[in-house]
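Observations on the model geometry
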Amino acid sequence: LPRDFIQDIKCGGRVPLTADYHSLLPKGGYRSQFWIEDMAKENLYCLGIFGQMLYIAPKSKLVIAQLSSQPSPLDPKLAADQMALVRQIAARSLAF
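This report concerns the structure included in the present document. (Residues numbered from 1 in each chain as written. Predicted model: local features only at pLDDT ≥ 70, side-chain atom pairs only at ≥ 80, totals over all residues. Heavy atoms only, no water.)

**Description of the pattern of salt bridges**
Filter applied, for reference: For salt bridges, the criterion is a side-chain nitrogen of Lys or Arg within 4 Å of an Asp or Glu carboxyl oxygen. Runs of E in the DSSP output that reach at least two residues are strands. Runs of H or I that reach at least four are helices, and both are numbered from the N terminus. The rule is simple: take the accessible area with a 1.4 Å probe, protein chains only, and divide by the maximum for that residue type; under 20% is buried, over 50% is exposed, in between is partly exposed.
Across all of its chains, the model carries three salt bridges by this definition. For Asp-8, the salt bridge identified is with Arg-31, shortest N-O distance 3.3 Å. Residue Asp-8 is found in helix 1 (residues 3-11), and its partner Arg-31 is found in strand 1 (residues 29-31); the two are separated by 23 residues along the sequence. Classification of Asp-8 as partly exposed rests on a relative accessible area of 35%. The residue Asp-81 makes a salt bridge to Lys-77 at a minimum N-O spacing of 3.0 Å.

Written out as structure tokens, the structure is:
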């Protein structure tokens, strides 16, 4: 992704997070279908329905795609578990 695009996502105005998602991303934000993990970093999530997710870490040149068909279209508890798993995968992949 071009850095200008990421900067626009991070700095172009944000929608306040609902309580469910603020607890998942306390330093984060939302804009244009992207969930920002931490405003001090460039990592982004794209969260789809039924548990589908993209995790994008531009500085690490890492993208993780998760395909899913969970029973409920939106499940904040499951999203929290998925985000924790993706962060663990990302941290371990950087160790190599």
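**Digging into unusual backbone geometry**
Phi at Gln-33 is positive, roughly 75°, even though this residue is not glycine. Mapped onto the elements, Gln-33 comes out in the loop between strand 1 and strand 2 (34-36). Here Gln-33 falls in the exposed class, since its relative accessible area comes to 57%.

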